[in-house]
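Read off the chains here:
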Amino acid sequence: MSTSASGNQIIKVGQDGLTFEPDTLTVEEGDMVEFHFWPMNHSVSMSTFDEPCVPASDDAFWSGFMPVEEGMGDDIFVVQINSTDPIWFYCATGRHCENGMVGVINPP
């Protein structure tokens, strides 16, 4: 688990390839989760357990595609956690999800 200076939880997106680090995170209601993006092009989208590579709904979070050319996670997408229910997420870029780029906040 990684924590920023402000106390928010950090998930590194694509730092070591098709990965979220960590890919499992437990947080409290009201906490903020920061997704820090590394090159090349990744995204984060809320999904469901039953359909891990499909957006959860119209009101689910979605970072959009984050085409980072170089740098160390300077592009950030922040999500406030409003419940302790499981939140499944994935990278919607190309076949990243199908190749295992998925994660969960507050696993069951």
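Keep in mind it's a predicted model, so treat the numbers as computed, not measured. (Residues numbered from 1 in each chain as written. Predicted model: local features only at pLDDT ≥ 70, side-chain atom pairs only at ≥ 80, totals over all residues. Heavy atoms only, no water.)

1. A few points about the state of the cysteines
(1) Moving on: By the definition in use, this model includes 1 disulfide.
(2) Moving on: Across a sulfur-sulfur distance of 1.9 Å, cysteine 53 and cysteine 97 are joined as a disulfide pair. One disulfide, between cysteine 53 and cysteine 97, carries an S-S torsion of -85° and so falls in the left-handed class. Here cysteine 53, found in the loop between strand E7 (45-47) and strand E8 (66-68), pairs with cysteine 97, found in the loop between strand E10 (87-90) and strand E11 (102-105); they are 44 residues apart in sequence, far enough to count as distant.
(3) Moving on: Using a relative accessible area of 29% as the deciding quantity, one classes cysteine 53 as partly exposed.
(4) Moving on: By relative accessible area, cysteine 97 is classed as buried at 5%.
(5) Moving on: Take cysteine 91: it sits in no disulfide, and the sulfur closest to it among the cysteines is that of cysteine 97, at 8.2 Å. (Disulfide = S-S within 2.5 Å. Helix = DSSP H or I, 4+ residues; strand = E, 2+ residues; numbered from the N terminus. Buried < 20%, exposed > 50% of the residue type's maximum accessible area, 1.4 Å probe, protein only.)

2. Comments concerning the layout of surface pockets
(1) Moving on: Considering only enclosed or pocket space, the largest pocket measures out at about 150 Å³ in volume.
(2) Moving on: Taken together, Met46, Phe61, Val79, Gln80, Ile81, Asn82, Ser83, Asp85, Pro86 and Ile87 make up the full set of residues lining the largest pocket.
(3) Moving on: Along the lines of polarity and charge, the residues of the lining of the largest pocket split into 6 nonpolar, 3 polar and 1 charged. (1 Å grid on protein atoms, 1.4 Å probe; cavity = no way out; pocket = protein on both sides within 12 Å on 5 of 7 lines; lining within 4 Å. Points joined across faces, edges and corners; volume = space filled by probe spheres on them. Nonpolar A, V, L, I, M, F, W, Y, C, P; charged D, E, K, R; others polar.)

3. Section: the sheet that holds E7
(1) Moving on: With mixed pairing, the 4 strands of this open sheet are ordered in space as E4-E11-E10-E7. Only two strands of the sheet have a single partner each, and these edge strands are strand E4 (24-25) and E7.
(2) Moving on: Alignment of E4 against E11, held across 2 bridges, turns out to be parallel. Residue pairing in the sheet places leucine 25 in a bridge with isoleucine 105 of E11. (Pairing = 2+ DSSP bridges.)

4. Some remarks on the packing of aromatic side chains
(1) Moving on: Across all of its chains, the model carries 7 aromatic pairs by this definition.
(2) Moving on: Seen in terms of ring centroids, phenylalanine 35 and phenylalanine 61 are 6.2 Å apart; in terms of plane orientation they differ by 40°. Their pairing is tilted. Taken together, the residues span a long stretch of sequence, with phenylalanine 35 in strand E5 (residues 32-37) and phenylalanine 61 in the loop between E7 and E8 at a distance of 26 residues.
(3) Moving on: Look at phenylalanine 35 and you get buried, because its relative accessible area is 0%.
(4) Moving on: For phenylalanine 61, a relative accessible area of 13% translates into the label buried.
(5) Moving on: Both rings, one in phenylalanine 35 and one in phenylalanine 77, keep their centres 6.4 Å apart while their planes meet at 40°; by these two values the pair is tilted. Placement of phenylalanine 35 in strand E5 and of phenylalanine 77 in strand E9 (residues 75-80) is noted, with a sequence separation of 42 residues between them.
(6) Moving on: Residue classification places phenylalanine 77 among the buried positions, given a relative accessible area of 17%. (Phe/Tyr/Trp six-rings, centres within 6.5 Å; stacked < 30°, edge-to-face > 60°.)

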